Every structure is written in C-alpha cells, then in structure tokens.
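Structure assessment
What follows is the residue order along each chain.
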Amino acid sequence: MVVALPRQIPRRWLHSAIPLAVFALLLVYLWARNLRGGSGTQSCIVEGPPPFQVQQQSGPLEGPEWEEPQCLGPQGMLGSMMRLFRASLNPEGDVELSRYLAGWRELVTFLTPHGSIFAFATREASAKVTALEALVHGPEAAHYTSLGTMVAWERPEISPPPSAKASGSVTMLLLHRALRWSQLCLHRVAIGMIGGPDAGIQCSDAYGTALAPHHSWLVRQAAHLAFLAFPGRGRLLELMCPGARETEARAALARAAGTLEDVYNRTQGLLAERGLLELA
C-alpha cells in the first residue's frame, strides 16, 4: 500500500531535506564524541608551522622505562647521524654546511644496506654531497660556510635558469628534498601499526609526497618497482637498530626522524625566504 505525501509538502523539499538531516545527524555525532573525549576547553586558534614549513610529525615514542639502545649511543650510526645534523643548526638560525654534509654522509651510510630503493636514493644523494663538499673545501670556501653565505654569494647568478655558479644552491635544494623523503620514511616505519600498511607502501607514499613531483615518469616507475622489494617493517627495525627490542627500535627511529624534521624545517624556511624552493 502506497501512502501519498500530503499535498502541502512538495517532493523537491523532501529530496533537499534528506541530505540536510544526514548532515545534522553527523554534527550531533561529532559533538557527542567531543564531549566523550574530555571536558577541557580547547582554543579556537589553529596553530600550525611557519609558512612553507611542515607540521611537526615526528616525536618521542619512548615509554617510562625506555632505555636508550646502542644505535643511538656514541658508537651507533643512527646516533652519530643525529648529532651531526643537530650540530648543523647554529644559534644564528642558519645551517652550517660542513656539518650538514657530514650528517648526510652518515645518513647515506646508514640507509644504503637496507634495500635497493635506499641504495638508489643514497647513490644520488652521495654524488650531490660530494659536489657540495668540493665547494665547501674549495678555493672559495669562505663563501660556503653556511646555507646563508652560499646563497648570498651565488645570488646574482641564481635567477632561473641558474648558471654554473649557482650549482651549490641547486644541489642543496635537491638534497633538501631527499632529506624530506628520508625523514618521512623513517617516521612512518617507526609509527606504523600492526595490520596497517607495510613499510614499503608507507615509504612509497612518502616518495610520492617528497620526490615524485620532481622526477620524470620513467624515474617514478623505476622507484615504484623498487618499493616492491622493500624489506618488511620488522626486518627494517632489526637492521636499523640492531640488538634493540621492537619498541626501542621504533622509538630510536622516531627520534632520528624528529631530528631530520628539525633540519628540514630550518632549511625550508631559509630557502623559502630567498625564493629558492622552485629553483630546480
């Protein structure tokens, strides 16, 4: 038996009312869930990173009884890399190139044994580090002590297309993008949940965010194929922090990712201030 609608309610009103009712129910659900989450007052001001920088994602995962694993200690490769990168952030707000490049050397050594995609990426990064080291230790070394001094020296020749004299700034930008991929990959390996996407998928997604927009179609396809042979999360944690329990290894990688994120944000801000993010 079909019940006719009252004549005073046009059908088009009914069609409009259904989605509005669904939307209202969704708002009620979200409001109720917020009430269950706690009664504290939250600020209406949304805080975020400075312009052009990334929201802080990496953070400590260690529990109350966490002990620092050997990979973060004085002889640990991960700890050595972190200390060099931290030392590159000088108090004046600049990035010291010699320590930045030394940190990259440690990062290359750390990542290379962990799969073909890391070997591919670190081979490219190593060539760029060598090119910048030639400038840092070359006849014009006084102009290559930091990112700021390098850009100031190369600035007249930077405007696209950059000349050969601007090679330091171009190379730094390419390394900067590669550092973002390394940071995202380590962060996602550290926080990945059991039953969630595997490390290969997460690091492939990180590649899509940080590097793929700047690569040719052929390079992107080769990278995606390499990610198919990516080690599993458990194996990566064993390789990256030998001898540590899984929780300790995850916490160590999260710390390392946090350090790389700090360096990335400092460099990103300096490059953005000088209009160099699209130099290459």
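In what follows, the accompanying structure is described. Treat the numbers as computed from the prediction; the structure is a model and nothing was measured.

With respect to the overall build of the chain
Looking only at helices and strands, the chain features 10 helices and zero strands. Along the chain direction, N to C, the helices and strands of the chain fall in the order α-α-α-α-α-α-α-α-α-α. A total accessible area of about 16,000 Å² is found for the chain, and carbon and sulfur atoms account for 60% of it.

Quick look at the side chain of Ser146
Along the chain, Ser146 falls in the loop between helix H4 (116-136) and helix H5 (147-154). In terms of polar contacts, Ser146 uses its side chain to reach the side chain of Asp94, at 2.7 Å. What Ser146 contacts, discounting residues up to four positions off in sequence, is Asp94, Val95, Glu96 and Leu97.

Let's talk about the packing of H5 against helix H6 (residues 167-191)
The N-to-C vectors of H5 and H6 enclose an angle of 135°; their axes lie 8 Å apart at closest approach. Compared by their axis directions, H5 and H6 come out oblique. Counted together, Leu147, Met150, Val151 and Glu154 of H5 and Ser167, Gly168, Ser169 and Met172 of H6 form the full contact between these two elements. Classifying every residue of the contact of H5 with H6 by side-chain character gives four nonpolar, three polar and one charged.

Some points on the side chain of Ser88
For Ser88, the position within the fold is in the loop between helix H2 (77-87) and helix H3 (97-111). Not counting chain neighbours up to four residues away, the residues in contact with Ser88 comprise Asp94, Val95, Glu96, Arg99, Tyr100 and Val263.

Topic: the packing of aromatic side chains
Per the stated rule, a full pass over the model turns up three aromatic pairs. Relative to Phe227, the ring of Trp181 lies with its centre 6.4 Å away and its plane at 65°, an arrangement referred to as edge-to-face. Placement of the pair is Trp181 in helix H6 and Phe227 in helix H8 (residues 217-227), with a sequence separation of 46 residues. A relative accessible area of 3% means that Trp181 is categorised as buried. Ring geometry for Tyr207 and Phe227: centres 6.0 Å apart, planes at 55°, overall tilted. Taken together, the positions of Tyr207 in helix H7 (residues 199-210) and Phe227 in helix H8 put the pair 20 residues apart, joining distant regions of the chain. According to the relative accessible area criterion, Tyr207 is buried, its value standing at 3%. Classification of Phe227 as buried rests on a relative accessible area of 7%. Taken together, the ring pairs in this structure connect Trp181, Tyr207 and Phe227 into an aromatic cluster. Between the NZ or CZ atom of Arg180 and the centre of the ring of Tyr264, over which it lies, the distance is 5.2 Å.

Quick notes on the rules
Residues numbered from 1 in each chain as written. Predicted model: local features only at pLDDT ≥ 70, side-chain atom pairs only at ≥ 80, totals over all residues. Heavy atoms only, no water. Helix = DSSP H or I, 4+ residues; strand = E, 2+ residues; numbered from the N terminus. Areas by Shrake-Rupley, 256 points an atom, 1.4 Å probe, with all protein chains shown as cover. Polar contact = N/O pair within 3.5 Å; in protein donor to acceptor, adjacent residues only side chain to side chain. Contact = heavy atoms within 4.5 Å. Axes fitted to C-alpha atoms, helices over the stretch in contact; angles between N-to-C directions. Parallel < 35°, antiparallel > 145°, perpendicular 65-115°, else oblique. Nonpolar A, V, L, I, M, F, W, Y, C, P; charged D, E, K, R; others polar. Phe/Tyr/Trp six-rings, centres within 6.5 Å; stacked < 30°, edge-to-face > 60°. Buried < 20%, exposed > 50% of the residue type's maximum accessible area, 1.4 Å probe, protein only. Lys NZ or Arg CZ within 6 Å of the ring centre and 35° of its normal.

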